Amino acid sequence: MQFGSSTFNVTSPYGFQCKPISFDSSFTGSSSDVRVQISLHEVGPTFEASVSWVESVSLTGFTACVETAGPMNGGRVINVQYVAFVGVPSGGMAGVQAIPLYTAGTKCVEVLTTGKVPEVTAVNHYFLK
């Protein structure tokens, strides 16, 4: 399991930024076994909307992307924290739950677990056709 962070300096309210992030040491096995979860923390007094996602996960790193909305007032600094692991951490669960395409509002799906799961972390994956 590896942890880390990277800083995005956002200067434009339009579009998104992506940057490659390398792991401190490479994982072994198949790149399809590497799981990456990210979260955002905005530095400063502006707390406007921001979204993040992960692309191109490999044994050596991944690409993190950030898109922001709202007023810029000279730019924004966004820290992306990540945790990366292979397989399932001891006592944990990992899996994929597809959510059918929707364009607005809220969409809920039921996720069934076995045993006691105290916390659920979800990561968005967008598949474009």
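Residues numbered from 1 in each chain as written. Predicted model: local features only at pLDDT ≥ 70, side-chain atom pairs only at ≥ 80, totals over all residues. Heavy atoms only, no water.

Description of the state of the cysteines
Okay, so step 1: Considering all chains together, one arrives at one disulfide under this definition.
Okay, so step 2: Disulfide pairing is shown between Cys-18 and Cys-65; the S-S distance is 2.0 Å. Classification of the bridge connecting Cys-18 and Cys-65 rests on its S-S torsion, roughly 110°, and on that basis the disulfide is right-handed. Of this pair, Cys-18 sits in strand S2 (residues 16–22) while Cys-65 sits in strand S5 (residues 61–68), and the two are 47 residues apart along the sequence. (Disulfide = S-S within 2.5 Å. Helix = DSSP H or I, 4+ residues; strand = E, 2+ residues; numbered from the N terminus.)

Focus on the packing of aromatic side chains
Okay, so step 1: Throughout the structure, instances matching the rule amount to five aromatic pairs.
Okay, so step 2: Taking 6.1 Å as the distance between ring centres and 55° as the angle between the ring planes, the aromatic pair formed by Phe-23 and Tyr-82 counts as tilted. Linking Phe-23 in the loop between S2 and strand S3 (34–43) with Tyr-82 in strand S6 (residues 76–86), this pair joins segments that are 59 residues apart in sequence. Of the two residues examined, Phe-23 and Tyr-82, each falls in the buried class. (Phe/Tyr/Trp six-rings, centres within 6.5 Å; stacked < 30°, edge-to-face > 60°. Buried < 20%, exposed > 50% of the residue type's maximum accessible area, 1.4 Å probe, protein only.)

Comments concerning the nonpolar core
Okay, so step 1: Judged by nonpolar contacts, the single largest core of 16 residues is most densely connected at Phe-8, Phe-23, Val-36, Ile-38, Phe-62 and Tyr-82.
Okay, so step 2: Counting residues per element, the ones that place at least two in this core are strand S1 (2–10), S3, S5 and S6.
Okay, so step 3: A per-element tally of this core places S6 first, with four residues.
Okay, so step 4: Once residues lying within four places of it in the same chain are set aside, the contact partners of Ile-38 are Ser-52, Trp-53, Val-54, Phe-62, Val-80, Gln-81 and Tyr-82. (Core = buried A, V, L, I, M, F, W, Y, C linked by side-chain atoms within 4.5 Å. Contact = heavy atoms within 4.5 Å.)

Observations regarding the sheet that holds S3
Okay, so step 1: Pairing is antiparallel across the open sheet formed by three strands, whose spatial order is S1-S6-S3. Since the sheet does not close on itself, it has two edges, and those belong to S1 and S3, each with one partner. Direction aside, neighbouring strands of the sheet carry axes that sit 25° apart on average.
Okay, so step 2: By the bridge criterion, ten bridges tie S3 to S6 in an arrangement that is antiparallel. Within the sheet, the bridge partner assigned to Val-34 lies in S6 and is Val-86. (Pairing = 2+ DSSP bridges. Axes fitted to C-alpha atoms, helices over the stretch in contact; angles between N-to-C directions.)

A closer look at the confidence of the model for the protein chain
Okay, so step 1: This prediction gives the protein chain a mean pLDDT of 78; 78% of its residues lie at or above 70.
Okay, so step 2: S3 is the least confidently modelled element of the protein chain, averaging 85 in pLDDT, while S2 averages 92, the highest of any element. (pLDDT = per-residue confidence, 0-100.)

A look at the environment of Gly-87
Okay, so step 1: If you trace the backbone, Gly-87 turns up in the segment after S6.
Okay, so step 2: Residue classification places Gly-87 among the partly exposed positions, given a relative accessible area of 29%.
Okay, so step 3: Separated by 53 residues in sequence, Gly-87 and Val-34 have C-alpha atoms that sit 6.9 Å apart.
Okay, so step 4: Beyond its immediate stretch of four places on either side in the chain, Gly-87 contacts Asp-33 and Arg-35.

Considering the sheet that holds S2
Okay, so step 1: Pairing in this open sheet of three strands is antiparallel, and the strands run S2-S5-S4 from one edge to the other. Both outer strands of the open sheet, S2 and strand S4 (50–55), are each paired with one neighbouring strand and no more. Neighbour to neighbour, the strand axes of the sheet diverge by 25° on average, direction disregarded.

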